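This is what each chain is made of:
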Amino acid sequence: MRTRVFYNLPESACYGCQACAQICPSGAIFMKEDEEGFLFPQIDSNKCIECSLCEKTCPTQLNVIESLFHKTPDYVDAAWEHNIEDRLESTSGGAFFAIALKWLENGGIVYGAGFDDKLNVRHIRISDTEELKRLRGSKYVQSDVSDSFKLVKNDLKQGVKVLYSGTPCQGAGLRSFLKKNYDNLLTIDLVCHGVPSPLIFKEHLKYQERKYNSQIIDYKFRHKKRTGWRSYIKYIFSTKYSKAVNIGNDYYAFCFYNSYINRRSCFQCKFSCSTRIGDITLSDFWHAENKCKKLRKIRKYGFNMVMCNTQKGRDAYTSSMEKLNYITVPTQVAIDGDVRLRHTESAPAERETIFKEFHEYGYEWLTINRWCKSSLVSRFIPTFVKNLIYEIKARI
């Protein structure tokens, strides 16, 4: 009887997209959290009927995903919202929110990563513009897609227009699960840095709640202020008190930006390239201002890289342009500026140590003993001064 979804790769190659569990006709596959907090498929051999649909749907398999990639376009846009308040609420330029908002206004449904009431990150179904705010802003933790692929398929079969946003492995899992192309489906993939452990994120929240003696009810992974977009994590507490913390003074952010707590498969990801699986690809568009002087004044509050990989993607993006400013540049600018459009990055040596010591000593111990904090000088310089320095350097 089948004991694994695939046998040609190590189990650690699994992306955790859950396509296998959702495609299984006998309900033999369920997802179980491993010791690092990531979900992996488990097979109930008593229910398995040996149909191999799980393996035939799995995005780790090259023969499954090779037809999903689109041709890389020659040009991309740097795009940002007209409305500064909306832009301040978004991680980068607000392009996703503008596209998704227009999609909803045209009668569609949007799926994406949002917090539930316990601050677990899950893929949720959004049908109105007010609820769309739950999807705004990046979530630097792996999202649980749960049964969203099944929900999408049901919507599509009923003729509903669906926008699905997620990491490229999640998008590939969805498209493979569907087994056919749907004219009423729009997929948006992200240029992904890697997905951190939900377990470590939960422990981080508990640590901060003990530290501030208050329950956290919302969390901004990259909060913006009028002084700039680069440097803040924001905790919102049940007492309505909020705390903005410099990224350099937040251990979870330190781990994320150093890839210490990412899923193992992120370091062998088949989607870290410029050929994409989504109709639209979005990213922060790092370093574009170095190649395009017009963008230097725009960087302060962030802008997106928008890559339209299909005509369907181009049409959806064009329909949202009334909400966006944009500058078109060669795609090579984006490729040169973001390593994840070129290749995967190697796992840092510290990754295995971090998880081992987490289980031995706990999260708080890591924050004390495994954290290269900012220098005293850096910590005493106000963040608005640092952002001002960045702005001056960007415009020289």
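Please read these numbers as outputs of a predicted model, since none were measured by experiment.

A. Main features of the packing of helix H6 (residues 148–157) against helix H7 (residues 168–178). Two elements in contact, H6 and H7, have axes separated by 10 Å at closest approach and are oriented at 50°. By the angle between their directions, the pair H6 and H7 is classed as oblique. The handedness of the crossing between H6 and H7 is right-handed. Touching Phe-149, Lys-150, Val-152, Lys-153 and Leu-156 of H6 are Gln-170, Gly-173, Leu-174, Phe-177 and Leu-178, all from H7. Of the residues assigned to the contact of H6 with H7, the class counts are 6 nonpolar, 2 polar and 2 charged.

B. Region of interest: the pattern of salt bridges. Overall, the coordinates contain 24 salt bridges when judged by the stated rule. In this structure, a network of salt bridges that share partners links the residues Glu-36, Arg-264, Arg-351 and Glu-352.

C. Spotlight on the side chain of Thr-167. Topologically, Thr-167 is positioned in the loop between strand E6 (162–166) and H7. Residues within four places of Thr-167 in sequence aside, it is in contact with Cys-192 and Val-195.

D. Inspection of the packing of aromatic side chains at higher detail. For the structure on display, the rule yields 27 aromatic pairs. Arranged with centres 5.7 Å apart and planes meeting at 20°, the rings of Phe-237 and Tyr-241 form a pair that is stacked. One cation-aromatic arrangement involves Arg-136 over Phe-97; the distance from NZ or CZ to the ring centre is 3.5 Å.

E. Quick peek at the nonpolar core. Of all hydrophobic cores here, the largest spans 48 residues; its most connected members are Tyr-219 and Tyr-252. No other element matches helix H9 (residues 251–257), which puts 6 residues into this core. Excluding residues within four positions of it along the chain, Tyr-219 makes contact with Phe-115, Phe-201, His-204, Leu-205, Ile-233, Lys-234, Tyr-235, Ile-236, Asp-250 and Tyr-252. With 26 residues, the next largest nonpolar core counts Ala-100, Ile-124, Leu-282 and Val-306 among its residues.

F. Region of interest: H6. All of the buried residues in H6 are Ser-148, Phe-149, Val-152, Asp-155 and Leu-156. Around the axis of H6, the buried residues are gathered within 125° of arc, so they sit on the same side. Lining the buried residues of H6 we find helix H1 (19–23), strand E4 (109–115), strand E5 (121–126), E6, H7 and strand E7 (185–190). Phi turns positive one or two residues past the end of H6, at Gly-159, with a value near 85°.

Reading the values: the criteria
Residues numbered from 1 in each chain as written. Predicted model: local features only at pLDDT ≥ 70, side-chain atom pairs only at ≥ 80, totals over all residues. Heavy atoms only, no water. Axes fitted to C-alpha atoms, helices over the stretch in contact; angles between N-to-C directions. Helix = DSSP H or I, 4+ residues; strand = E, 2+ residues; numbered from the N terminus. Parallel < 35°, antiparallel > 145°, perpendicular 65-115°, else oblique. Left-handed = near helix turned anticlockwise from the far one by under 90°. Contact = heavy atoms within 4.5 Å. Nonpolar A, V, L, I, M, F, W, Y, C, P; charged D, E, K, R; others polar. Salt bridge = Lys/Arg side-chain N within 4 Å of Asp/Glu carboxyl O. Phe/Tyr/Trp six-rings, centres within 6.5 Å; stacked < 30°, edge-to-face > 60°. Lys NZ or Arg CZ within 6 Å of the ring centre and 35° of its normal. Core = buried A, V, L, I, M, F, W, Y, C linked by side-chain atoms within 4.5 Å. Buried < 20%, exposed > 50% of the residue type's maximum accessible area, 1.4 Å probe, protein only. Arc of directions from axis to C-beta.

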